[in-house]
Amino acid sequence: MQTFINVVQYSLERGIFMSRQEVISKIIEAMQKEEIVEACYTKESQSDKIIMYVVINQKELNQYLEKRNQYLESYDYILFQKDFGDNKTICIFDDGVCIELKHMFLDQVKSLKNCVTLFDRYDQFSLSAKEELNKNQLLAEKVDLFSYKIYEIVRAYKTKNVILFNLKKIEALGLLADYYVIKKDDNALLSENSYINLDKESKLEIDKLVKTSEIIKELNYFLIKFEKELMQLPISIFSLINMDFFKHVKKDLIDLL
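Residues numbered from 1 in each chain as written. Predicted model: local features only at pLDDT ≥ 70, side-chain atom pairs only at ≥ 80, totals over all residues. Heavy atoms only, no water.

### A short note on the overall build of the chain
Quick note on the threshold: The secondary structure listing takes helices from DSSP runs of H or I that are at least 4 residues long and strands from runs of E that are at least 2 residues long, numbered from the N terminus. Three exposure classes are used, based on accessible area relative to the maximum for each residue type with a 1.4 Å probe and protein chains only: buried under 20%, partly exposed in between, and exposed over 50%. Here a residue-residue contact requires only that any non-hydrogen atoms of the pair lie within 4.5 Å. For every accessible area listed, the method is Shrake-Rupley and the probe measures 1.4 Å; residues are considered covered only by the protein chains on display.
Regarding its fold elements, the chain presents ten helices and six strands. For the chain, buried positions account for 44% of its 257 residues. When contacts within the chain are restricted to residue pairs at least 6 apart in sequence, long-range pairs at least 24 apart make up 61% of them. For the chain, the accessible surface area stands at approximately 14,600 Å², while carbon and sulfur atoms represent 51% of it.

Printed below as a string of structure tokens:
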């Protein structure tokens, strides 16, 4: 059996992934041919992984589980697959695309947050699942998650865990890209790759942090500037940000110098 690392390495060697839209369209086309799946949604992800939710009637569960892999394989051959719990499977396809597919029952749809409807067979869930994203809350969430990644960066640095340090740095910069894109353009909330949608100034700022050989020093400079930028935000956004935590991780980072 291939390990997850082997699969990822093999997948990366295969080249460029298909677009998110192409992958999703092939799978939902297979789902729509039968009446087992009543609705399907997708959710923003911080990675290249595609997250999908399907809604089924509980009495159709066995039929759905029998058909699930057929739906997925309508896109491509499944190279690696692992089930988590009773309702989630993650698979990596032959070309490297990764999908996390979850199923839920009719009475659970209201629990979905920040999802985009792919199809709703009988138009019965539109109001509950197509809840609009609140830009202010989303911006604040990106800042708070960015702060948390800085916290993790500090911990990885102190424990000399180089792999974890670099991973958390990438995640932090991804959140930063999300923040700048959302701030600039409401229509880019669910962008596949926020980095490519950055304005020139923000891209230069993030590129500098990506390429520097003195990341701790440059992150400190950046956080000083970023704090001033946050202070200029409208109160409707600023009041939602956990500035106490931001300042705490900023101090922790300074202490590393």
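### Topic: the pattern of salt bridges
Rules: One speaks of a salt bridge when a side-chain nitrogen belonging to Lys or Arg is within 4 Å of a carboxyl oxygen belonging to Asp or Glu.
What the rule picks out here adds up to 15 salt bridges. E152 serves as the salt-bridge partner of K149, at 3.2 Å between the closest nitrogen and oxygen. In this pair, K149 and E152 are both assigned in helix α5 (residues 135-158), three residues apart and thus about one turn of the helix distant. Overlapping salt bridges, with partners in common, bring together K149, E152, K168 and E171 in one network.

### Structural notes on the environment of I90
Its place among the elements puts I90 in strand β4 (residues 88-93). Of the residues examined, I90 reaches a relative accessible area of 15% and is grouped as buried. Expressed as a C-alpha distance, the spacing of I90 and F80, which sit ten residues apart in the sequence, is 8.3 Å. Those residues in contact with I90 that lie beyond four places of it in its chain are F80, Q81, K82, F84, C98, I99 and E100.

### Side note on the side chain of N220
Which entries qualify depends on this criterion: Here a polar contact is recorded for every N or O atom pair within 3.5 Å, except that within protein the pair must consist of a potential hydrogen donor and a potential acceptor, and residues adjacent in sequence are included only if both atoms are side-chain atoms.
Mapping N220 onto the fold places it in helix α8 (residues 215-231). Classification of N220 by relative accessible area gives buried; the value is 5%. A polar side-chain atom of N220 sits 3.2 Å from the main-chain amide nitrogen of I254. Discounting residues that sit within four places of it in the chain, N220 has contacts with K250, L253, I254 and L257.

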